[in-house]
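# Residue-level structure breakdown
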Amino acid sequence: MAFAGLEGIWASRKAGGSGGGKSVLYCWGDGSCGQLGLGEEEAAASAPFRRGPELAAGGHHEVRLVACGERHTLLLFTDGTVASCGDNALGQLGRRLLEGRQRSYVPEPIQIQGAQNIVHVSCGKEHSLAICNNGKVFSWGAGTFGQLGTGELRERIIPKKIDGLSTLKVIQVACGNYHSIALAKDGRVFSWGQNTHGQLGLGKEVSSRATPQHVPALDGIPLAQVSAGGAHSFALSLSGVAYGWGRNHAHQLGLSPTPTREQVFKPMSVAALRSLDVTYISCGDEHTAVLTENGSIFTFGDDSAGQLGHSSSAQKTGPQKVDWIDGPVSQLACGSYHTLVLSASGQLISFGRGPLQRYGSGTSPSKPYNTQSFNISSLISPNELSSVQVKCIFAGTYVSFASMCPSQTPTCANRTVSCVESLLKISQVDRVLIDKWMSAGAESEMRQTAKREIEAIFSSPSCLTASFLKPRSALELGCCIAVDLQKAGEVFKELTQKDWIAGRVCYSLLNHLIPALPLNSPHQEALSSFLLLPECSAALEAQNLKSLAMPFAKAISSMSKRSLEILEKYWLLLPDSTFDRVVQMLKRAVISQLPYYLAHPHCLEVVPVLEVLKKLYKVNKKANYKLQISNFYINEILKKVGLEDLRRWYIWIEKSLPVPEDKYPVSFCRFPFVFDPQSKMWIFYWSSHFQQEANARQALLSNRLQSSGEAPKLPVFLLRVQRHNLVESTLRKLSRVEDSCLRCQLMVEFEGEMARHEAGGVLLEFFWYLFEEMTHPEYGMFMYCEHNSPMWFPAKPSVEMNKYFLFGLLCGLFLFNRVFVYVPFPLAAFKKLTGQKPSLDDLKELSPVLGKSLQAVLDYEHDDIEEKLQLCYSISWDNLDIDLIPNGSSVAVNNTNKKDFVNKYVDYILNKSVNGVFEEFKRGFYKVLDKRIVGFFEPQELMEVAIGNEKYDWDKLEKNTVYWGVYSAEHPTIKMFWEVFHELTLDDKKGFLLFVRGSDRIPVTGMDSEKITIHSHRLLTEDHIPEAQTCFSILFLPPYSTKGKLKEKFLQAIENNRGFGKQ
């Protein structure tokens, strides 16, 4: 539709005459070469506005479109015939002239063999293109630079079909001076000809091309139009985004002037046009004009001939509005050095000039023939249009045409066609098509046509996106996702109700669309199809058809970094439910591949799916967990793969196989986010067990090599400590222990006491008492900001730093040995252990009062914040006065810097103030544990594994309880016990758990795994209080006779809050 200043607008798509009131063509401009078609005697260098040419052989059809080269013109009539006039030195007229003649001064028909009905024509400087009704393209004229697309580098007089486009249905073509562009029905763009300035959009390394070349940089974009200037090109998307490439020395691409780009070799989005809501683009030789939705005209580029229509004399780069035009514009056409517009009121306006010699840095128009300078815009006056109505306008190099009809003709009234309406569109789904497909009979021709239409749309990313674009008004309101995913889901669901449609859609997507996905596009709207595919896959899966997840994931895994970043931004914007559908689609694909886990290399098919799930997981974290992390868990995995997967992970992490990384057996441990906390806990325990086994094998081997006569002993870490001096004796022993012992099974003995066999119970007792003393405020290792708040590391510790290392080592030991002990750390500690930065929310947990105060600072929006709050960058913490920034006491907190103030406050308390002591703690913690395995956990998960949670289910506790001795669930004492228990306060219930289990926290496995045993001890009477054997979670309950007595004694036992050593 656009050509190097060679622009035309279709008057109508309908073939055939219009009957009475037929429109008449008018023209003005340079006719010296016969390009106005007025006859040889009327040829003039500056013909004023007058009635235009008629077909030499007569005829009664209206002119549908006019296309102009530098010295030739094509007229397309409503019956699909084409006539030409003007210069034919290079065959641009598409027909032979009488011997000795190189010009035709009147239009005469062109015979295009193999083309029954021409629907569109376009002219370059000296070449011509035509599209016939079946989408085939024909070319003729100059071909030195390959602009004909036939593979030949020479001129051609007789039109020839472009074989390189024969498999496509082309809907638009545009010609530059020496290059050509085509838009196919499937949304793809092709270019050929000269590429000196990058006008083909194929990259800097590509020279001129004599056959059509696919422009991959525009793949996936739902295009509405292609346009070409002298040596620059444009494409416009249906959503109004303009892409420009080629020559830019006069800023004709509208790009930002910095950095200066005189040549652009691949399509670039023109940022300055994004907010203008562009609907049509027309290009001159070195200038460009765009029409917007509200009828405004913006121009940019060369203005040496006044072709931009700017009233100001100041030279401005970038799109500028032509603000003096009265009322909205309906049509736009650019000549090489002038611009023609038609207002909605029927006013025809021209600005710019014809041939004009230019000097300086500009490029003067070529003058291969004798012509005089003239002002083409002065060749028409408003008075000449008083009795006619303009239907369509066309602009050429130095000429203009207008299709008009008498204003009093009824059939001509309101027949003006806007440039946007005249554009043929790429294939897309609409309600008319859906209804037609759904009603197509099994053996009907309609069914065959429907199959072709379905395949065309569902094979093209561009067409699929175009089918579900949101209205531009929705995008203007700030919606960043251009496609309507809800509508798409509904349409896919409706279409897949028909088996034959579902099958055709599935085939097209798998075999054509997914392989054609844009994997290296820098353009946001090109990637919308990645959002639509999960919606379609859900509809197909509902009909038990093949999921798209596997090939979809492979495509994403092959995307460039730049494209992937755009897609991830899209994912961030998705509604939670839509985002979750993508996650669940991929999870189902993983589950479907579990039976092949042992079938290497087939199992490698699941890796791309897991990689994409990993990307989604990271996006979810970036979005502050729009989905709960449990949405990513795949509980079926551990049941299928077991210990083998951890073994494979160790092989992979240690790179112990002589094969490329992508050939290693699949290990789900490489993607730990798919495991729930309970599964990760088992993996963690298995890892500890593997290390203990490895140490045991090493010890046995050492015994064998030494030929020791003694029976080999399994290595253990035996720690003998003093009960009365538990902390100091433990720390003293740990300070001297060898590193190799730390990852052996820990056994604790109390000096002077008989060794006990229930090692687990002893460990629990040991750690419980040890941590109780070390975490007590009086011990001085940790600080407590408020009553009942978690503990934290002090800014100025009162104990030696080595104790924090040893405390970390002890925390590592109880985890390594599967002991469950509560240490009152906040979530922030576990974030720091896993390399994540704590936030204000973490400070709120540590110090609710302070956290609430800082939140109030952030929420304060009044201008009197300095006077009201009187805060500065100086704080007090742990009895220290701290400047958060240099000279902070003199810097007031205001609305501008309050966020920075809060961030620095949080950072100081949770990071800077404790950096030294926490690093010591962390060093000890990872002295025992494998940091890589700990890295499997999210902070909240690690916290639950280490110290449990408070997700209580008291009914489940009762249900899981085991009874020994005379007791059963129906025993009167037991019935009274549970009645009393359920009436207790939450604190008393937690106290009971602490009494009988040694902890009031629930392990990550949940209360399903929690069982207590209630035993009737023969030596206990109702005068005794209940006792407990915490090591085994046994409650010794006397046989009380009344509920009141039971409650009294039961509460006494809870208040003791101790169960260790009671037998």
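Residues numbered from 1 in each chain as written. Predicted model: local features only at pLDDT ≥ 70, side-chain atom pairs only at ≥ 80, totals over all residues. Heavy atoms only, no water.

## Re the sheet that holds strand β21 (residues 297-301)
Taken in spatial order, the four strands make up an open sheet running β19-β20-β21-β22, and their pairing is antiparallel. The open sheet has two free edges, formed respectively by β19 (278-283) and β22 (320-321), since each of these has just one partner strand. Here β21 runs beside β22; their pairing, made up of two bridges, is antiparallel. If you follow Phe298 over to β22, its bridge partner there is Lys321. (Pairing = 2+ DSSP bridges. Helix = DSSP H or I, 4+ residues; strand = E, 2+ residues; numbered from the N terminus.)

## Describing the confidence of the model for the protein
Interpretation of the predicted coordinates at a detailed level should be avoided for regions scoring low in pLDDT. Taken as a whole, the protein shows an average pLDDT of 88; of its residues, 89% reach a score of 70 or greater. Counted against residues more than four places away or in other chains, residues 356-372, with its pLDDT under 50, gives 38 contacts. (pLDDT = per-residue confidence, 0-100. Contact = heavy atoms within 4.5 Å.)

## As for the pattern of salt bridges
Scanning the model with the defined rule gives 45 salt bridges in all. The shortest N-O distance in the salt bridge between Lys554 and Glu605 comes to 2.8 Å. Of this pair, Lys554 sits in helix α8 (residues 549-557) while Glu605 sits in the loop between α10 (576-593) and α11 (607-622), placing them 51 residues apart in sequence. For Lys554, a relative accessible area of 37% puts it in the partly exposed group. The exposure class assigned to Glu605 is partly exposed, which follows from its relative accessible area of 30%. Of the charged contacts in the structure, one is a salt bridge between Glu920 and Arg923, with a shortest N-O distance of 3.0 Å. (Salt bridge = Lys/Arg side-chain N within 4 Å of Asp/Glu carboxyl O. Buried < 20%, exposed > 50% of the residue type's maximum accessible area, 1.4 Å probe, protein only.)

## Considerations on the nonpolar core
Core analysis: the biggest nonpolar cluster contains 221 residues, and Phe458, Leu586, Phe767, Phe807 and Phe825 have the highest contact counts within it. Top contributing element to this core by residue count: helix α18 (residues 802-816), with eleven residues. Judged by nonpolar contacts, the second largest core, of 30 residues, contains Leu65, Val66, Trp140 and Cys392. (Core = buried A, V, L, I, M, F, W, Y, C linked by side-chain atoms within 4.5 Å.)

## Comments concerning the sheet that holds strand β37 (residues 1034-1036)
With respect to topology, four strands assemble into an open sheet ordered β34-β35-β37-β36, the strand pairing being mixed. The open sheet has two edge strands, β34 (962-964) and β36 (1027-1029), and neither has a second partner. Pairwise comparison of adjacent strand axes, ignoring direction, gives a mean angle of 25° for this sheet. Sheet topology places strand β35 (residues 1013-1015) next to β37; three bridges connect them, and they run parallel. If you follow His1015 over to β37, its bridge partner there is Phe1036. Strands β34, β35 and β37 of the sheet are contacted by helix α28 (residues 972-983), whose axis makes an angle of about 130° with β35. (Axes fitted to C-alpha atoms, helices over the stretch in contact; angles between N-to-C directions.)

## Examining the pairing of strand β13 (residues 189-193)
Of all five residues making up β13, five are buried, and the element is well covered by its neighbours. Where burial is concerned, the two faces of β13 agree: the one with Val189, Ser191 and Gly193 and the one with Phe190 and Trp192 are both buried. Bridge count for strand β12 (residues 179-184) against β13 is five bridges, and the pairing is antiparallel. Paired with Ala182 across the strands is Phe190, a residue of β13.

## Brief notes about the packing of α10 against α11
For the pair α10 and α11, the least separation of the axes is 10 Å and the interaxial angle reads 150°. Judged by the angle between their axes, α10 and α11 are roughly antiparallel. Crossing of α10 over α11 shows left-handed handedness. Contact residues: Phe579, Val582, Val583, Leu586, Lys587, Ala589 and Val590 in α10; Val609, Leu610, Val612, Leu613, Leu616, Val619 and Asn620 in α11. For the contact of α10 with α11, the per-class residue count stands at twelve nonpolar, one polar and one charged. (Parallel < 35°, antiparallel > 145°, perpendicular 65-115°, else oblique. Left-handed = near helix turned anticlockwise from the far one by under 90°. Nonpolar A, V, L, I, M, F, W, Y, C, P; charged D, E, K, R; others polar.)

## A word on a nonpolar patch on the surface
On the surface, Val716, Leu718 and Met747 cluster together to form a nonpolar patch covering roughly 200 Å² of accessible area. In this structure, Met747 sits in strand β29 (residues 745-750). For Met747, a relative accessible area of 32% corresponds to the partly exposed category. (Patch = residues over 30% accessible without salt bridge, like charges linked within 9 Å, V, L, I, M, F, W, Y side chains within 5 Å. Areas by Shrake-Rupley, 256 points an atom, 1.4 Å probe, with all protein chains shown as cover.)

## Some words on the packing of helix α2 (residues 445-458) against helix α6 (residues 499-513)
Between α2 and α6, whose axes approach to 8 Å, the crossing angle comes to 35°. Of the two elements, α2 crosses α6, and the hand of that crossing is right-handed. Across from Arg447, Ala450, Lys451, Ile454, Glu455 and Phe458 in α2, the residues of α6 making contact are Trp500, Ile501, Arg504, Val505, Tyr507, Ser508, Leu509, His512 and Leu513.

## Details of the packing of aromatic side chains
Counting across every chain of the model gives 52 aromatic pairs. Between Trp649 and Phe936, the aromatic rings sit 5.3 Å apart at their centres with planes inclined by 80°, giving edge-to-face as the arrangement. Here Trp649 is found in helix α13 (residues 643-653), whereas its partner Phe936 is found in the loop between α25 (931-934) and α26 (939-947), with 287 residues between them in sequence. Across this residue pair, the class does not change: Trp649 and Phe936 are buried. The ring of Phe579 carries Lys626 above its face, with NZ or CZ at 5.0 Å from the centroid. The aromatic ring of Phe750 is capped on one face by Arg723, whose charged end is 4.0 Å from the ring centroid. (Phe/Tyr/Trp six-rings, centres within 6.5 Å; stacked < 30°, edge-to-face > 60°. Lys NZ or Arg CZ within 6 Å of the ring centre and 35° of its normal.)

## What to know about the pairing of β12
Of all six residues in β12, six are buried, a share of seventy percent or more. On β12, burial covers both faces: His179, Ile181 and Leu183 on one face and Ser180, Ala182 and Ala184 on the other are all buried. The pairing of strand β11 (residues 170-175) with β12 spans five bridges and is antiparallel. Of the residues in β12, the one forming a bridge with Gln172 is Leu183. Linking β11 back to β12 in an antiparallel pair, the connection comprises three residues. Taking the residues between adjacent antiparallel strands as the criterion, β12 and β13 are bridged by four residues, where Gly187 takes a positive phi near 90°.

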